[in-house]
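So you can see what is in the structure, the chains are spelled out below.
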Amino acid sequence: MEAEKALMQKIAKILDESGASNAAHIRKLKDLSTLRSAASSSLFFSAFSKTLIPLFAFPRRTYSAERTVRFIATFASKCDSTTAFLEEFFRFLLNAATAANRTARFRACQMISEIIMRLPDDAEVSNELWDEVIECMKLRVGDKVPLVRALAVRALARFANDSENSDILDLFLEALPLEHNAEVRKMIVLSLPPSNATSVAIFDHTLDVSEVVRKAAYYVLANKFPLQSLSIKVRTIILQRGLADRSAAVTKECLKLLKDEWLVKCCNRDPIELLKYLDVETYELVGESVMEALLKAGAVQLEDDQSIRQFIVSTSNEIEESGHCIPRIQLMEAEVALYWKTVCRNLQMKAQERGSDAAATMGTEAAVYAAEASDNNDLLERVLPAMVSDYVELVKAHLDAGSNYCFASRQLLLLGAMLDFSDATNRKVASGFVQELLRKPIEYEVDEDGNKVVMGDGVNLGGDREWADAVSGLARKVHAAAGEFEEVLLGVVEELAQPCRERTADFLHWMHCLSVTGLLLENGKSFRWMQGKSIEPDELLQSLLLPGAKHVHLDVQRVATRCLGLFGLLERKPSVELVKQLRFCFIKGPSSISIVACEALIDIGMWHGPQEVDRAMGLKLSSLLHENKLTFSPVNLCDMNEDWNVELLDLLYAGLNVNDWIKSVDMDENASVQAILGEGFAKILLLSENYPSIPASLHPLFLSKLIILYFSNETKELQRLKQCLSVFFEHYPSLSANHKKCISKSFMPVMRSMWPGINTSAGGSPFMVSNMCKLAVQASRFMLQMMQAPLYEKETKKQNENQNNELPEVLDGFSEPSLDFECGEEGLAIRIAAEVVSFHAKKTTAQKSYVSALCRVLVLLHFRLSEQGAIKLMRRLLNRVAEAAFAEHEVVKELKRMAERLKAIDREPDQELSQEQANCILGRLELDLNFDLDDSMEIQPTPVSCSSRPARTRRGVRNLESSSEELSPTSFVPKVTSAINTRSQRASKIAALTKMTANRAVRISEEDDEEQGSAVISQEDSDESDQSDE
């Protein structure tokens, strides 16, 4: 014993010194090895293990404790395997890993993981011991302490690569999606080996909610997965997520993956080679973000001989032996074109930034900034083509090369914005090239039946939105003078429109002409610059747009309808013919035409105002009546025949109710009239202050319809609409207090519309009715969340200022509701209570469930202490609400709790609410409710009414003996007389069972009476009435 104590003291001294500094570890390892060699193996292990016991009880992760643990693990991993010390120490740690104490489990798993990570590959450890270690650590992966789970995963990480231990990998993949702790998820991600199964799990956690897990995922992708092992789609998504991550640490880790691993190691520092791995023609935005990140990080260096001019070959020998001209242009691949576009754009941006900095500063600093700007401009000039004619030849060569070089052609077109067209010669060359681009015929293919099929979207110039933007950008750069852009495009339109006027053009020519017209209308600033040109705006409308909208070919109709919408936005007032044609296309046109017409009508209505559009149709409306409009006029779009006496808002609102819009085959599966109308109404509500011409009284109707659409099963396939509304509902309630007022007004119409059997018949199977009720409940909770969502900080300050500036009036000692009373939860609570008490005593099954659902929402609402009038009114209404929901015991209990809460915050609970005060509050909420002043402010017991049927007797519940005392539920419990001596265990059980049986009988009897409602008299009341009759 004395030898063991002395040895323990020496070991403890070494461990203490090892915890002081890492520098002493090598020397202390030699000292500890000397002690192990001098003593017997059993004595040393006994002393060593006992010395470690205090460490297993120390929970704090201090630096000294961590250094001591690493020292112990290093010593154990370097021990000679013939001494069996390592195996004995492992078994000691395995026993501690299964202890009840969490600190002991933590230290044991920590030491096991440290030893395993430090053991050499050729360490001689028995397979039986490894099996025990693996099974123990697999068990600890499910430990309730997150730190223990993380260390157990770290211990198993070295075995996960072994094919024989596939169960470990399965355990990791099973635990990863279920793990709630971020550190444990991080450890699992770091421990996953590279494989097809693990790549998906690691890829998914690049979207993890925790920053450390996302960073770990990018670290694993960089170090374990080569660029070539990932698919193109996975590569682009990884970069898209990482470079746009909100965390700077994650973005830095993604940039490290991009630059150090993919660019340097896999692509030999060649950015063009890297772009080839990303398929920039399909993922152009990803390619641009990659180049911008590399340029910002300084990973792309331009050599002296690198420029776009190297693709313009010298023409010293112009004629070959065959007589043909040598091609002057060397074609660019898509990656090369994107590379030079981003490089030139970066140089131009840096030059502009430094120029602005130089102008904003003075002295030496300004000179430095000016020199940097000059250097960037010089480098940009060296990279770009020397002359505009060379640039034009370069783009033309790619255009003539066919569709395979269309992407490169568009990238080169975007370079035109960086060229200088101030010289008249250069501008003339570029102007001819722009007109050539505008006159280029639309491309098509011929199918098996000999029909011409348009290539592209058939709407924009060149069949592609990006191509049209590139052409318009170049045209605006070349023709930068005021009105020059409109003059050039009108000249092209006038030339292309001539065959259309003469009715000799085919549908391809019509579409080409209309696409150029759309480019003009979309980029034109005003009709003022089109007056007095080759074709006037009115002539353009009458001779081209309206005939195109009536063309027999649907594609021509679609392009012309889009142009009509753009034309209407440029008009000072919408013209009659234009509005009529758009309304006709919206009502009578096919789905593809109706969608475009719907977009046009919404845009024109929001730009000019719905009243201006209605006046264009000859509708004379009173402004006062229009502002106070509360409902929409019913419109049947299916039976509407040339009836133009319908307001625009009525027409659009009616479109939301049409469920049989037939989708066109060539349209997007998410495109529909309902989706377009939903987005339009969402914009109106979200930016309601910008559209004062749209009556605010109609906002609750719009919002109600949007909520119903959002929860409707019929629109679940419209993912675009769902996404738009989800973003809308997230921001709408927090932008303004008036928005909450709109939500409060919309609550009851939504519930009445969605609940089966209220506004509509409750037909259908029980399963369908149940699903409809569930959707309505979800909608009610959703609207409740919107009401309780906090306002943004700016709106909150504005609301507080309004409350301080305008104090409520005092009427007979009663303060009127605050200015934002209707916007708060108090207004919604009173609306729900008024809805509940509006039902009669005898309710249908649908009405009972409806009332119950409303009450469950009612009890979740909160009242502010400042709204004393609303509190008193609600206390009086709760009594009638409880009467309407008396069959729901849990609901009644919640209502009683709510009444207690309201009484607690009522400053004068005994003061009554006058009729005038109640009418003031109800008038603010626009509610018509018969208010009885005799109603109690306390929730009374459920009222009962007399019944002609004899009351059921409660058999086996109460004694038949008459009693003059007042009966109570406690009197129903049989009394057990207590004996002088202690009762036996069996007697105690009999007494307990007797009491439980009696209480259960009382509860069953009370529930039977309550289910019969007020028509059934309780047994107590019937007995009392019998006694009184006697």
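Residues numbered from 1 in each chain as written. Predicted model: local features only at pLDDT ≥ 70, side-chain atom pairs only at ≥ 80, totals over all residues. Heavy atoms only, no water.

1. Focus: the overall build of the protein
A tally of regular secondary structure across the protein gives 44 helices and four strands. Per-residue burial over the protein gives 47% buried out of 1030 residues. Within the protein, counting contacts between residues at least 6 apart in sequence, those at least 24 apart form 73% of the total. For the protein, the accessible surface area stands at approximately 53,400 Å², while carbon and sulfur atoms represent 51% of it. (Helix = DSSP H or I, 4+ residues; strand = E, 2+ residues; numbered from the N terminus. Buried < 20%, exposed > 50% of the residue type's maximum accessible area, 1.4 Å probe, protein only. Contact = heavy atoms within 4.5 Å. Areas by Shrake-Rupley, 256 points an atom, 1.4 Å probe, with all protein chains shown as cover.)

2. A short note on unusual backbone geometry
With a phi angle near 55 degrees, Asn 268 is a residue other than glycine that sits in the positive phi range. Relative to the assigned elements, Asn 268 resides in the loop between α14 (248-266) and α15 (271-276). A positive phi angle, near 60 degrees, is found at Arg 503, a position not held by glycine.

3. Remarks on the state of the cysteines
Counting across every chain of the model gives zero disulfides. Unpaired in this structure, Cys 500 has its nearest cysteine sulfur neighbour in Cys 513, at a distance of 4.5 Å. (Disulfide = S-S within 2.5 Å.)

4. Overview of the packing of helix α16 (residues 284-296) against helix α17 (residues 334-360)
Between α16 and α17, the shortest axis-to-axis distance is 10 Å and the interhelical angle comes to 50 degrees. In terms of their interaxial angle, α16 and α17 are classed as oblique. Taken as a pair, α16 and α17 cross one another with a handedness that is right-handed. Residues Glu 284, Gly 287, Glu 288, Met 291 and Leu 295 of α16 touch α17, and the partners they reach there are Leu 338, Tyr 339, Lys 341, Thr 342, Val 343, Arg 345 and Asn 346. Class assignment of the residues belonging to the contact of α16 with α17 gives a composition of five nonpolar, three polar and four charged. (Axes fitted to C-alpha atoms, helices over the stretch in contact; angles between N-to-C directions. Parallel < 35°, antiparallel > 145°, perpendicular 65-115°, else oblique. Left-handed = near helix turned anticlockwise from the far one by under 90°. Nonpolar A, V, L, I, M, F, W, Y, C, P; charged D, E, K, R; others polar.)

5. A few points about the environment of Met 772
Looking at the element boundaries, Met 772 is found in helix α36 (residues 766-788). Excluding residues within four positions of it along the chain, Met 772 makes contact with Met 754 and Pro 756.

6. Details of the pattern of salt bridges
A side chain with one charge can pair with a side chain of the opposite charge if their charged atoms come near. All told, the structure shown has 43 salt bridges when counted by the stated rule. Note that Glu 66 and Arg 107 form a salt bridge whose closest N and O atoms lie 3.5 Å from each other. Note that Glu 66 is positioned in helix α4 (residues 63-78) and Arg 107 in helix α6 (residues 102-118), a separation of 41 residues in sequence. Just as Glu 66 is buried, Arg 107 falls in that class too. Here Arg 501 makes a salt bridge to Glu 539, at a shortest N to O gap of 2.6 Å. One end of the pair, Arg 501, is in helix α23 (residues 484-501); the other, Glu 539, is in helix α25 (residues 537-549), with 38 residues separating them in the sequence. One network of salt bridges, with partners in common, ties together Glu 284, Glu 288, Lys 341 and Arg 410. (Salt bridge = Lys/Arg side-chain N within 4 Å of Asp/Glu carboxyl O.)

7. Brief notes about the packing of helix α27 (residues 576-588) against helix α31 (residues 648-656)
Two numbers describe how α27 lies on α31: the axes approach to 11 Å, and their chain directions differ by 20 degrees. The angle between the axes of α27 and α31 places the two elements in the roughly parallel class. Judged by the twist between their axes, the crossing of α27 over α31 is left-handed. On α31, the residues touching Arg 583, Phe 586 and Ile 587 of α27 are Leu 648, Leu 651, Leu 652 and Gly 655.

8. Details of the confidence of the model for the protein
The predicted coordinates ought not to be read in detail in places where the model reports low pLDDT. Averaged over every residue, the pLDDT of the protein is 83; residues scoring 70 or more account for 83%. Here residues 662-667 scores under 50 on pLDDT; set against residues more than four positions off or in separate chains, the count is ten contacts. (pLDDT = per-residue confidence, 0-100.)

9. Brief notes about the side chain of Gln 411
Take Gln 411: it is sitting in helix α20 (residues 406-414). Of the polar contacts made by the side chain of Gln 411, one reaches the side chain of Glu 284; its length is 3.0 Å. Beyond its immediate stretch of four places on either side in the chain, Gln 411 contacts Glu 284, Ala 337, Leu 338 and Lys 341. (Polar contact = N/O pair within 3.5 Å; in protein donor to acceptor, adjacent residues only side chain to side chain.)

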